[in-house]
Amino acid sequence: MTRSAPGMGVNALALMVSSALTGVLGLVYWGLAERYFATETVGRASATVTTATLLGTLACLSLGGSYERFLAGSGGRTRQHIVAGLALVGGVGVLLGTVFVAVGQADRLVDDPAQRWVFPGIVAAFALYALVDPVCTGLGRATWAATKNIVTAVVKLAPVVLLAGSGALALSGSWAVVAAAAALTTVVAALRSRTVRERAGAPTLPPPRELLAFQGASFTLMIVALAVPMVLPLLVLARLGASQNAYFNLAWSLCTAVGTLYAAVMSSYVAAASQEPRQVPPLTRRLVRLVAAVGAVGGLGLAGAGPFLLHLVSPAYASAATTLLLLMAVAFALQGVVFLYGTLSRIVRRQRLAVAVQCASAVGITAGALWAVPRWGLTGVGVVYLVVEGACALLLAAPCLRLYRELTGPAEDLPATVGATVDEARAATPTGGER
């Protein structure tokens, strides 16, 4: 029998602590970069890292969501499923990076032609690094992913000092090397662990058609979710210049780091609910409490500590990006409704509304920013972001409440799509369900 893994609470806490620490260390990283490199170089490096990260996420093909949702049912094929996914994602990362360079988009990011040849490798490294987290979470071992992320955030600080005064490649390239090494080490350790070795038996996965439907919805969600963070840095760089993009990147990085708290709770819930379908009602109630706490604490933290952290890096950063950060702090709290609905829809495998709302959000933010940035600068990004996220939260509030009620009722009334073993949960739970 497989050794017991940490529960949802431990895994969520590990990922949230990791997110908080990597967010702070990310601030330290860009602060050191600003100290040891020219602001324009930092702006180019930050745009390279952001673009490569987003292309790397695209290269993951949304397999992360499937690992979290279905890896628990892989049985004796767990190792093969992990290796095949990593190989596919690495290859797609190289392909996307090469296409990006071939169409000339990398010319906006690099200040040295030689960097174009390195960019596909950076994308592949970030793709593999990103996929390792949901693999660990799907195995019920999110603590491994948390350790990987913290170690990477610490180790990548050294090259900033050691390579001081070099070009943008010194920052983005060294980051990619550290990320690739951390991903490889974690994967090898996971594949050799008892958690994987003790898994046996035939897979208990849904039919291929249902898996493809889930994957298709997840992939669409990923595509539209990537549109905004992929377009905005390039838009700011093109319209406002490299220095303004450096200011924008730091504010955006803070918001993204806090936003990973939502993702930590979501992924831990999905993995726990998939492994223990009979526990879905109590897990769902705990999920709502955690999302509310993250929204409140994260929003207040961004609004209260964010401007101070910007000022620590440089008064210029605080002057340029404080208003943007405050607007995004309010939007962050509202995003809790959107994240909650998206999480519950993954459990019941009904994601059409989530896809539609995400598409509308991406179009609204992108179109709004194209209009607002030339007029209001970085503040325009914040205004558009807040308006669109607020509208999405209002739209999803009622559907989210309906899903919550559906998943917190008696276990015998849970939707059949909750888990491959939901019938076992119904059989094992007396009338009235677990509470």
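Use the structure listed above.
Each value, and the rule that gives it
Residues numbered from 1 in each chain as written. Predicted model: local features only at pLDDT ≥ 70, side-chain atom pairs only at ≥ 80, totals over all residues. Heavy atoms only, no water. Helix = DSSP H or I, 4+ residues; strand = E, 2+ residues; numbered from the N terminus. Rg over C-alpha atoms; globule rule 2.2 N^0.38 Å. Buried < 20%, exposed > 50% of the residue type's maximum accessible area, 1.4 Å probe, protein only. Contact = heavy atoms within 4.5 Å. Expected span 1.5 Å × (residues − 1). Salt bridge = Lys/Arg side-chain N within 4 Å of Asp/Glu carboxyl O. Core = buried A, V, L, I, M, F, W, Y, C linked by side-chain atoms within 4.5 Å. Patch = residues over 30% accessible without salt bridge, like charges linked within 9 Å, V, L, I, M, F, W, Y side chains within 5 Å. Areas by Shrake-Rupley, 256 points an atom, 1.4 Å probe, with all protein chains shown as cover. Axes fitted to C-alpha atoms, helices over the stretch in contact; angles between N-to-C directions. Parallel < 35°, antiparallel > 145°, perpendicular 65-115°, else oblique. Nonpolar A, V, L, I, M, F, W, Y, C, P; charged D, E, K, R; others polar. Bend = angle between axes of the 7 residues up to and from the residue. Phe/Tyr/Trp six-rings, centres within 6.5 Å; stacked < 30°, edge-to-face > 60°. Lys NZ or Arg CZ within 6 Å of the ring centre and 35° of its normal.

A. Quick peek at the overall build of the chain. A count of helices and strands for the chain gives 16 helices and zero strands. Against the compact-globule benchmark of 22 Å for 435 residues, the chain has a radius of gyration of 21 Å, which places it among compact chains. For the chain, the residues scored as buried account for 55% of the 435 residues in total. Taking the intrachain contacts of the chain between residues at least 6 apart in sequence as the baseline, contacts between residues at least 24 apart amount to 81%.

B. Expanded view of helix H14 (residues 352–376). Here H14 contains 25 residues, and its C-alpha end-to-end distance of 35 Å stays within 8% of the 36 Å for a straight helix at 1.5 Å per residue. When H14 is considered as a whole, its buried residues turn out to be Ala354, Val355, Val357, Ser361, Ala362, Ile365, Thr366, Gly368, Ala369, Ala372 and Val373. In this fold, the buried residues of H14 make contact with helix H10 (208–240), helix H13 (315–348) and helix H15 (378–407). Backbone geometry just downstream of H14 places Gly377 in the positive-phi region, at approximately 65°.

C. Representation of the pattern of salt bridges in the model. One pass over the structure, following the stated rule, counts four salt bridges. Where Glu68 meets Arg346, a salt bridge forms, and the shortest distance between an N and an O atom there is 3.0 Å. One end of the pair, Glu68, is in helix H3 (residues 63–70); the other, Arg346, is in helix H13, and 278 residues separate them in sequence. According to the relative accessible area criterion, Glu68 is buried, its value standing at 9%.

D. Region of the structure containing the nonpolar core. Formed by 127 residues in total, the largest nonpolar core has its most connected members in Leu232 and Tyr269. Contact partners of Tyr269, with chain neighbours within four places excluded, come to Met8, Val280, Leu283, Thr284, Leu287, Thr343, Leu344, Ile347 and Leu407.

E. A look at a nonpolar patch on the surface. Side chains of Leu13, Val17 and Leu21 sit close together on the surface and give an oily, nonpolar patch of about 250 Å² of accessible area. Position of Val17 among the secondary structure elements: in helix H1 (residues 8–36). Take Val17: its relative accessible area is 39%, and that puts it in the partly exposed class.

F. Region of the structure containing the environment of Gly165. Structurally, Gly165 can be placed in the loop between helix H7 (157–162) and helix H8 (168–191). In the structure, Gly165 is positioned 138 residues away from Leu27 in sequence and 19 Å away in space, judged by C-alpha atoms. Leave out the neighbours within four places in its chain, and Gly165 touches Tyr36 and Phe37.

G. Broad picture of the packing of H10 against H14. The contact between H10 and H14 brings their axes to 9 Å, and the two run at 5°. Regarding the angle of H10 to H14, the classification is roughly parallel. In contact with Ala217, Thr220, Leu221, Val224, Ala225, Ala227, Val228, Val231, Leu232, Leu235, Arg239 and Leu240 of H10, H14 contributes Ala354, Val355, Gln358, Cys359, Ala362, Ile365, Thr366, Ala369, Leu370, Val373 and Pro374. Of the residues contributing to the contact of H10 with H14, the split by class is 19 nonpolar, three polar and one charged.

H. Region of the structure containing the environment of Gly336. Looking at the secondary structure, you find Gly336 in helix H13. Look at Gly336 and you get buried, because its relative accessible area is 7%. Counting along the chain gives 55 residues from Gly336 to Pro281, while the straight-line C-alpha distance between them is 19 Å. In this structure Gly336 touches Tyr262 and Val291, once residues within four positions along its chain are discounted.

I. Expanded view of H10. With 33 residues, H10 extends 48 Å between its outermost C-alpha atoms, agreeing within 8% with the 48 Å of an ideal straight helix rising 1.5 Å per residue. In the structure, H10 departs most strongly from a straight axis at Leu226, where the bend amounts to approximately 25° and where the proline Pro229 lies between one and four residues downstream. Directly beyond the C-terminal end of H10, a positive phi value near 100° is found at Gly241.

J. Region of interest: the packing of aromatic side chains. Under the criterion given, the structure shown has 12 aromatic pairs. Taken together, a centroid distance of 5.1 Å and an interplanar angle of 85° make the contact between Tyr29 and Trp30 edge-to-face. Tyr29 sits in the buried class, given a relative accessible area of 0%. Judged by its relative accessible area of 7%, Trp30 is buried. Ring geometry for Trp371 against Trp376: centres 5.3 Å apart, planes inclined by 85°, an arrangement best described as edge-to-face. Judged by its relative accessible area of 46%, Trp371 falls in the partly exposed class. Residue Trp376 is classed as partly exposed on the basis of its relative accessible area of 45%. An aromatic cluster is defined as three or more aromatic residues linked by ring pairs; in this entry it consists of Tyr29, Trp30, Phe126 and Trp175. Across the ring face of Tyr29, the terminal group of Lys156 is positioned such that the distance to the ring centre comes to 5.2 Å. The ring of Trp175 carries the charged tip of Lys156 above its face, separated from the ring centre by 3.4 Å.

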